[in-house]
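# A look at the structure
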Amino acid sequence: MRRVITYGTFDLFHEGHRRLLERARTLGDYLVVGVTSSSYDNGRGKLNVRESLVERIHNVTQSGLADEVIVEEYEGQKIHDIQRLGISTFAIGSDWVGKFDYLGDYCEVVYLERTKGISSTGLRDAAGVIRMGVVGAGRIARRFVQEARFVSGVNVEAVWTRRPEGARAFAEEFELRWANDSYEDLLAHVDAVYIATPHETHVEFSRQAIEAGVHVLCEKPIALHRDELETLFELADKHSVVLLEALKTAFSPGFQRMVAIARSGTIGTIRSVDATFTKLVTSGRELESAEAGSLSELASYPFLAMVKLLGTEPTAVTTRAIMADGVDMFSRVDVDYPQAIASATVGLGVKSEGDLVVSGTQGYVYVPAPWWLTEYFETRFEDPRENRKYFYKFDGDGLRYELAEFISMIREGSAESFRLRRDESRAIASLMERARANAEAFGG
Ligand code: CTP
């Protein structure tokens, strides 16, 4: 018997998929179809797949064209499947020509002409592409536009920044449709904005966008005071728009898995969280803007880890800060919880090891630097034979995950993401406010 195999995501099963399976089938007597798991797609940066694995398998099965359906879960699995299942032909669409020649060592490789004019991406976009504007044209805004290309259903079309020539150069470089003259003008041209301006402007820019009925993805920290954030959430509800804090770590698959493992009892009861984030800066916004300093610039990340791991109700916050020219260059924040203690160490003028340690009654989680781009962590125990290593390598720098979440919230009309709930954003704002208010200063 000649066995044939093919693979795909098969999201929103369409005519192109059906025709591919029909032809693959004629290459042998038995067709195996590999459907990608959600975590495999996520890990390779294929985001916004609409249907669950179960739905996609159901659709492939319903087509009546597959004799067997398997799940594709990891890179390199094709080689194992081909040998394990005694496959004689591997077939795939012509968009992959050349990419799977290496399988020629194990079986025949056939590229089938792709059906023109239809794709899952096209079907997803038919629901309407969300037009997005970028506010600010700095480093993070640049990275954002590049990452947005990996998320379907969104198109960055406009930019506005205080310097008109900066906006024009940005629009030209990234081939955006509009370099707007005013913020109001930008808001009139888009469905959503990404705000990447200095912190002290976040609240006002968010408010204006929300009142114009525009969805907001705002760089962290949206607000340096809890009440301001609360007011924005209420306003977002009133205008039925999404307001999401762009705290990228919260949306990265590795960080979410680390939190879930730490909270599932693997290391016992969590008793402490210690997180460090330093970034050496000698000039610029981080040091010079009205709300400059290592706390406002960097502490959102360690506070996220505390809130996710220990909850939203700390009992006490104390800060010591080393100052230079009125700006905190290095700060340590001690946060107490009823049954646990935590620390955040942040620095713009001091370099340190940027790791995260979550200590429990049975063991601890160690996330090496840069822990906020969680790609790797370990659980460690008294008996080192029980230690485990976890890998969550992802492409890009993680911004695509927060954008994908934002887009799906808009599509589904949901005000809240479980990846970063409103009460968690509020608790982070509250920690920020308390940490900055009671900072005991050293130096000038
Ligand atoms: N395929 C095809 N003709 C199309 C679309 C897909 O022959 N118009 C083939 C692909 O080449 C692949 C299989 O169907 O062999 C599964 O592809 P998949 O990536 O799931 O579908 P796409 O529609 O290409 O999805 P996306 O737009 O998300 O990349």
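Residues numbered from 1 in each chain as written. Predicted model: local features only at pLDDT ≥ 70, side-chain atom pairs only at ≥ 80, totals over all residues. Heavy atoms only, no water.

### Description of the sheet that holds strand β18 (residues 376–381)
Spatially, β19-β18-β17-β16-β12-β15-β14-β13-β20 is the arrangement adopted by the 9 strands of the open sheet, whose pairing is mixed. Of all the strands in the sheet, just β19 (388–391) and β20 (439–443) have a single pairing partner and so form its edges. The sheet shows a mean angle of 10 degrees between the axes of neighbouring strands, taken without regard to direction. In this structure, strand β13 (residues 316–324) lies alongside β20, joined through 5 bridges in parallel fashion. Residue pairing for β20: A321 is matched across the bridge by A441. Against the sheet, helix α11 (residues 253–263) engages β12 (270–278), β16 (356–360), β17 (363–367), β18 and β19, with an angle of about 15 degrees to β18. Strand contacts of helix α14 (residues 300–310): β12, β14 (327–337), β15 (340–347) and β16, with the helix running at about 165 degrees to β15, the strand carrying the most contacts. (Pairing = 2+ DSSP bridges. Helix = DSSP H or I, 4+ residues; strand = E, 2+ residues; numbered from the N terminus. Axes fitted to C-alpha atoms, helices over the stretch in contact; angles between N-to-C directions. Contact = heavy atoms within 4.5 Å.)

### Observations regarding the packing of α11 against α14
At a closest axis distance of 9 Å, the pairing of α11 and α14 adopts a crossing angle of 40 degrees. Considered as vectors, α11 and α14 are oriented oblique to each other. Crossing handedness for the pair α11 and α14: right-handed. Two secondary-structure elements touch here, α11 through F255, V259, A262 and R263 and α14 through L304, A305, V307, K308, L309 and L310. Here the contact of α11 with α14 is built from residues that sort into 8 nonpolar, no polar and 2 charged. (Parallel < 35°, antiparallel > 145°, perpendicular 65-115°, else oblique. Left-handed = near helix turned anticlockwise from the far one by under 90°. Nonpolar A, V, L, I, M, F, W, Y, C, P; charged D, E, K, R; others polar.)

### A few points about the site of the ligand
In the vicinity of the ligand there are 18 residues, among which D95, T115, I118, S120 and T121 approach most closely. Contact between the ligand and D95: an oxygen atom at 2.7 Å from a side-chain N or O atom of the residue. For the ligand, whose accessible area on its own is 570 Å², the fraction buried by protein is 92%. Sorting the residues of the shell around the ligand by element identifies α1 (15–25), β4 (89–93) and α5 (120–126) as the ones contributing at least two each. The class makeup of the residues in the shell around the ligand is 4 nonpolar, 10 polar and 4 charged. (Near = heavy atom within 4 Å. Polar contact = N/O pair within 3.5 Å; in protein donor to acceptor, adjacent residues only side chain to side chain. Areas by Shrake-Rupley, 256 points an atom, 1.4 Å probe, with all protein chains shown as cover.)

### Some remarks on the pattern of salt bridges
Where charged atoms from two side chains of opposite charge approach closely, those side chains can pair. This structure, assessed with the given rule, holds 27 salt bridges. For E291, the salt bridge identified is with R436, shortest N-O distance 3.0 Å. Of this pair, E291 sits in the loop between α12 (285–288) and α13 (294–298) while R436 is found in helix α16 (residues 422–437), placing the two residues 145 residues apart along the sequence. A relative accessible area of 24% means that E291 is categorised as partly exposed. Residue R320 is joined to D334 by a salt bridge in which the shortest nitrogen-to-oxygen separation is 3.8 Å. Of this pair, R320 sits in strand β13 while D334 is found in strand β14, placing the two residues 14 residues apart along the sequence. (Salt bridge = Lys/Arg side-chain N within 4 Å of Asp/Glu carboxyl O. Buried < 20%, exposed > 50% of the residue type's maximum accessible area, 1.4 Å probe, protein only.)

### Observations regarding the pairing of β19
For a regular strand, side-chain orientation follows a simple rule: the groups alternate between the two sheet faces. Both β18 and β19 contribute to a ladder of 4 bridges, which runs antiparallel. Bridging from a neighbouring strand, F377 pairs with Y390 of β19. Linking two consecutive strands that pair antiparallel, namely β18 and β19, is a turn of 6 residues.

### Some words on the sheet that holds strand β3 (residues 68–72)
Pairing within the open sheet is parallel, and its 5 strands lie in the order β3-β2-β1-β4-β5. Here the strands that pair on one side only, and so sit at the sheet edges, are β3 and β5 (108–112). Along the sheet, successive strands turn relative to each other by an average axial angle of 25 degrees, direction set aside. The pairing of strand β1 (residues 3–8) with strand β2 (residues 30–36) spans 6 bridges and is parallel. Residue pairing for β2: T6 is matched across the bridge by V33. The strands touched by helix α4 (residues 77–84) within the sheet are β1, β3 and β4, with β3 carrying the most contacts at an inclination of about 150 degrees.

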